[in-house]
Amino acid sequence: QVLVVGCGNSELSEQMYDVGMCEDIVNIDISDAVIRQMQERSRSKRPKMSYLLMDMLQMDFPDAHFQVVLDKGTLDAVLTDEEEATLAKVDKMFAEISRVLQVGGRYLCVSLAQAHVLKKAVEYFSQEGWVVRVHQVAGSGDKQQFVLPVFVYVMTKFRKIPGSALQILEICPEEQDKPMRVESVEQLVAAVKDRQHYSLLCSQLSKAPCGEQVSLDLCDKESGMPRYTLHVVDSPSMKPSRDNHFAIFIIPQGRETEWLFGTEEGRKQLAASAGFGRLVTVALHREQHYEGMAGIQVELSGKVMELAPPGLPARQQVPFLSVGGDIGMRTVRHRDTSALSGEYVIEDVKGDGTCYFRRLIFLRNRNVVQSEARLLAPASLPGQKKRRKDKKKPSPTEPPAAIDKSYLCCEHHKAMVAGLCLLGGPDALPASLGWLVVVLGGVSLPLFIHDYFSQAHVAVVEIDPSMLEVATRWFGFSQGDRMRVHVSDGLDYVAKLAAEAPAQYDVVMFDVDSKDLKVGMSCPPPAFVEKPFLQKVKTILKPEGVFVLNLVCRDAQLKEYVLATLREVFPLLYTRRIEGEV
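Treat the numbers as computed from the prediction; the structure is a model and nothing was measured.

Reading the values: rules and limits
Residues numbered from 1 in each chain as written. Predicted model: local features only at pLDDT ≥ 70, side-chain atom pairs only at ≥ 80, totals over all residues. Heavy atoms only, no water. Helix = DSSP H or I, 4+ residues; strand = E, 2+ residues; numbered from the N terminus. Rg over C-alpha atoms; globule rule 2.2 N^0.38 Å. Buried < 20%, exposed > 50% of the residue type's maximum accessible area, 1.4 Å probe, protein only. Contact = heavy atoms within 4.5 Å. Areas by Shrake-Rupley, 256 points an atom, 1.4 Å probe, with all protein chains shown as cover. Lys, Arg positive; Asp, Glu negative; His and termini not counted. Charge placed at Lys NZ, Arg CZ, Asp CG, Glu CD. Pairing = 2+ DSSP bridges. Axes fitted to C-alpha atoms, helices over the stretch in contact; angles between N-to-C directions. Domains from an automatic or database assignment. Buried area = accessible area lost by both parts, 1.4 Å probe. Salt bridge = Lys/Arg side-chain N within 4 Å of Asp/Glu carboxyl O. Polar contact = N/O pair within 3.5 Å; in protein donor to acceptor, adjacent residues only side chain to side chain. Nonpolar A, V, L, I, M, F, W, Y, C, P; charged D, E, K, R; others polar. Arc of directions from axis to C-beta. Core = buried A, V, L, I, M, F, W, Y, C linked by side-chain atoms within 4.5 Å. Phe/Tyr/Trp six-rings, centres within 6.5 Å; stacked < 30°, edge-to-face > 60°. Left-handed = near helix turned anticlockwise from the far one by under 90°.

### Observations regarding the overall build of the protein chain
Thinking step 1. Counting secondary structure elements, the protein chain contains 15 helices and 26 strands.
Thinking step 2. Taken over C-alpha atoms, the radius of gyration comes to 33 Å for the protein chain, far larger than the 25 Å a tight globule of 582 residues would show.
Thinking step 3. Taken over the C-alpha atoms alone, the protein chain extends approximately 110 × 60 × 50 Å along its principal axes.
Thinking step 4. For the protein chain, with 582 residues in total, the buried portion stands at 47%.
Thinking step 5. In the protein chain, 69% of the contacts between residues at least 6 apart in sequence involve partners at least 24 apart.
Thinking step 6. Only carbon and sulfur atoms are counted for the fraction: they give 52% of the accessible area of the protein chain, which is about 30,200 Å².
Thinking step 7. Side chains of the protein chain give 68 positive and 74 negative charges; the mean places of these two sets differ by 6 Å.

### Here we look at the sheet that holds strand S11 (residues 226–234)
Thinking step 1. Taking strand neighbours across the sheet as the criterion, the five strands line up as S10-S11-S13-S12-S14 in an open arrangement whose pairing is mixed. For this open sheet the edge positions go to strand S10 (214–219) and strand S14 (320–322), each flanked by a neighbour on one side alone. On average, adjacent strands in this sheet sit at an angle of 25° to one another, irrespective of strand direction.
Thinking step 2. Bridge count for S11 against strand S13 (residues 278–284) is seven bridges, and the pairing is antiparallel. Paired with Leu230 across the strands is Val282, a residue of S13.

### A closer look at the domain arrangement of the protein chain
Thinking step 1. Under the domain assignment, the protein chain is made up of domain 1 (55–200), domain 2 (209–321), domain 3 (329–375) and domain 4 (411–569).
Thinking step 2. For domain 1 and domain 2, the distance between their C-alpha centres works out to 35 Å.
Thinking step 3. On the domain 2 side, the residues contacting the five residues of domain 1 number six residues.
Thinking step 4. In this assembly, domain 1 packs against domain 2 so that about 470 Å² is buried in total across both faces, 51% of it on carbon and sulfur atoms.
Thinking step 5. At the surface where domain 1 touches domain 2, the tally comes to zero salt bridges.
Thinking step 6. For the interface between domain 1 and domain 2, the tally reads one residue pair in polar contact (both at pLDDT 80 or more).
Thinking step 7. Taken together, the residues of the side of domain 1 that touches domain 2 break down into two nonpolar, one polar and two charged.

### Let's talk about the environment of Ser206
Thinking step 1. With respect to the element layout, Ser206 can be found in helix H6 (residues 185–207).
Thinking step 2. For Ser206, a relative accessible area of 38% translates into the label partly exposed.
Thinking step 3. Residues Ser206 and Glu306 lie 100 residues apart in sequence; the distance between their C-alpha atoms is 8.0 Å.
Thinking step 4. For Ser206, the contacting residues outside a window of four places in its chain are Ala308 and Pro310.
Thinking step 5. Polar contacts involving the side chain of Ser206 include one to the main-chain carbonyl oxygen of Ser203, which spans 2.7 Å.

### A look at helix H13 (residues 490–500)
Thinking step 1. Inspection of H13 places Gly490, Tyr493, Val494, Leu497 and Ala498 among the buried residues, and these make up the whole buried set. Across the axial projection of H13, the buried residues extend over an arc of 135°, all falling on one side. Structural note: H13 exposes Asp492, Lys496, Ala499 and Glu500 on the side pointing more than 90 degrees away from its buried face.
Thinking step 2. Of the residues flanking the start of H13, the one acting as N-cap is Asp489, its side-chain oxygen 2.9 Å from the backbone nitrogen of Leu491.

### Re the nonpolar core
Thinking step 1. Counting 42 residues, the largest nonpolar core has Leu3, Ile28, Phe61, Leu75, Phe94, Tyr107 and Tyr153 as the members making the most contacts within it.
Thinking step 2. When residues of this core are assigned to their parent elements, the largest contribution, six residues, is made by helix H5 (residues 115–127).
Thinking step 3. Here Leu3 is in contact with Val26, Ile28, Met59, Phe61, Phe66, Val68, Val69, Leu70 and Val100, once residues within four sequence places are set aside.
Thinking step 4. Core analysis: the next-biggest nonpolar cluster, separate from the first, contains 39 residues, Trp435, Val443, Leu445 and Val470 among them.

### Concerning the pattern of salt bridges
Thinking step 1. Evaluation of the coordinates by the stated rule reveals 29 salt bridges.
Thinking step 2. With a closest N to O distance of 3.2 Å, Glu40 and Arg43 form a salt bridge.
Thinking step 3. When the shortest N-O distance is used, the salt bridge between Lys542 and Asp506 registers 3.3 Å. Of the two residues, Lys542 is situated in strand S25 (residues 541–549) and Asp506 in strand S23 (residues 505–510); the sequence distance between them amounts to 36 residues.
Thinking step 4. Residue classification places Lys542 among the partly exposed residues on the basis of a relative accessible area of 31%.
Thinking step 5. With relative accessibility at 8%, the residue Asp506 sits in the buried group.

### Re the packing of aromatic side chains
Thinking step 1. Here the structure, examined in full by the defined rule, presents 16 aromatic pairs.
Thinking step 2. For the ring pair Tyr228 and Tyr290, a centre distance of 5.5 Å and an interplane angle of 55° mean the geometry is tilted. Taken together, the positions of Tyr228 in strand S11 and Tyr290 in the loop between S13 and helix H9 (292–305) put the pair 62 residues apart, joining distant regions of the chain. We note that Tyr228, like Tyr290, is buried.

### Some points on the side chain of Arg278
Thinking step 1. Tracing the backbone shows Arg278 in strand S13.
Thinking step 2. A residue is classified by how much of its surface remains accessible, and Arg278, at 0% relative accessible area, is buried.
Thinking step 3. Of the polar contacts made by the side chain of Arg278, one reaches the backbone oxygen of Leu307; its length is 2.9 Å.

### A short note on the sheet that holds strand S15 (residues 330–338)
Thinking step 1. An order of S15-S16-S17-S18-S19 is seen for the five strands of this open sheet, with the pairing classed as antiparallel. Strands with a single pairing partner mark the edges of an open sheet, and in this sheet they are S15 and strand S19 (402–404). Strand-to-strand, the axes of this sheet are offset by a mean angle of 30°, without reference to chain direction.
Thinking step 2. Examined bridge by bridge, strand S17 (residues 356–362) and strand S18 (residues 369–376) share six bridges and lie antiparallel to one another. Directly across from Tyr356, in S18, lies its bridge partner Leu375.

### A look at the packing of H5 against H6
Thinking step 1. Taken N-terminus to C-terminus, the directions of H5 and H6 make an angle of 145°; their axes are 10 Å apart at the nearest point. Here H5 runs over H6; the crossing is right-handed. On H6, the residues that touch Ala115, Leu118, Lys119, Val122 and Glu123 of H5 are Val185, Glu186, Leu188, Val189 and Val192.
Thinking step 2. Its residues assigned to classes, the contact of H5 with H6 comprises seven nonpolar, no polar and three charged.

### Overview of the pairing of S13
On a regular strand, each side chain points to the face opposite its neighbour's, so the side chains alternate between the two faces of the sheet.
Thinking step 1. Of all the seven residues making up S13, seven are buried; the element is thus mostly covered by neighbouring parts of the structure.
Thinking step 2. A two-sided burial pattern is seen for S13, the buried positions comprising Arg278, Val280, Val282 and Leu284 on one face and Leu279, Thr281 and Ala283 on the other.

Here it is in structure tokens:
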């Protein structure tokens, strides 16, 4: 037995009856005209179905009379605001629905799931001890006409257990058969909101090219963790033909931080060189397992078509592109948590051609490579004997383990080393160079200085003891007569040197990342460029000494302030902008 509340002149009951889904359907509405119209329409064709003039807030049916109460948009129409009178009316509506439903019966509510509507319904029935499940039954796209997705709330009536706070809340997305359990009403509302935003995005992308790049995460259905990060890049100047409307570009694992793939400008250049009107770049996440390019195509083909550009010909084949035709290689060597830097990973990745790299990534800022070293192929190792023919060859997918200390991973490290020309020509360099490097995190810089400047005595300052262990175990770092590490706050260490041992260093280098992501400067922390501290830096330098600073600043005003402060302290300032970086 089915009760349809606020039936209006909808054809839903008639269609359910006609396909044989159910015949014992009672429809109620408060409009006399509508009820008479619907009675006339169904009288001869559907003898078991009835239409009654009745207010759903005060129904005449006995308790536990129905197995299903069906509501198609009635709750959305009643709950238009959150005024006290409106909420009282909705409470009355829910109380009546609850009264006429049998235990085990279901209230099915078809809704666009505005946040306040969904929250009210879920809170009311979950507090009554009912099982609450929200199904997405229609998305957006070419399959149907809706811009916003349509949801059905399925509320199953259980007897309320006194004192029990147990809530069973589930969501069943359109693309999944199995429901997902969520912990709170807020999580359920947020999950629905994600799907609404996605539908709006797909609708906008299907109508016109997007002026700015759009990004979204597709999450693993089991863990809820991001599995793919997509960027939609349009090239409006590209003249579309049948074959260059749309393509998908799979970024090889471990290469998502490279300029071409990891920056807006880089992706624009990639889209232009690929020659497609719309390119969707796809980055793969380190926590996930992938079954090669073919597996990714199968997994993504349905979802990426929802991001197709306007004017894409019907049944158009969309190419999947990549570098070298494979998905690259990423091997996580070590994962740990530092008290100061948070969770981090050490991973080996395959670069262009046969090059392999080892990287340190802080997961709080997973798109930034904190440190990188190139790995040497076995044949390149000093003193390596030639391999006998009968020896087993190394696996082509297994990266080598030795560190190439001649490699500077970052363009700004090359600029920092180039700044040493300000010490004078080769003949002018002192027999012994005093060198202070703050910080060890970018381990390739102190290694390079140690190996290529044989007269250098290097003091490295690192605040995080975990990073010394990481550098030693994973990046070929070792201390000796010419290289010592001091585990200390760089601010305290410099202040102590300025007080106790002035004019000691020929070179001071700062490459210090900031943990405060709210400031428009990610390197160094603001305290490192305040005037009193910079004066201490000058104090520990010899008269002809050089201070080299890596400055990463997105705030133009802050950048000018830092440069002006540097000019106040140091008589001569050179700045070198690194192409493609901030």
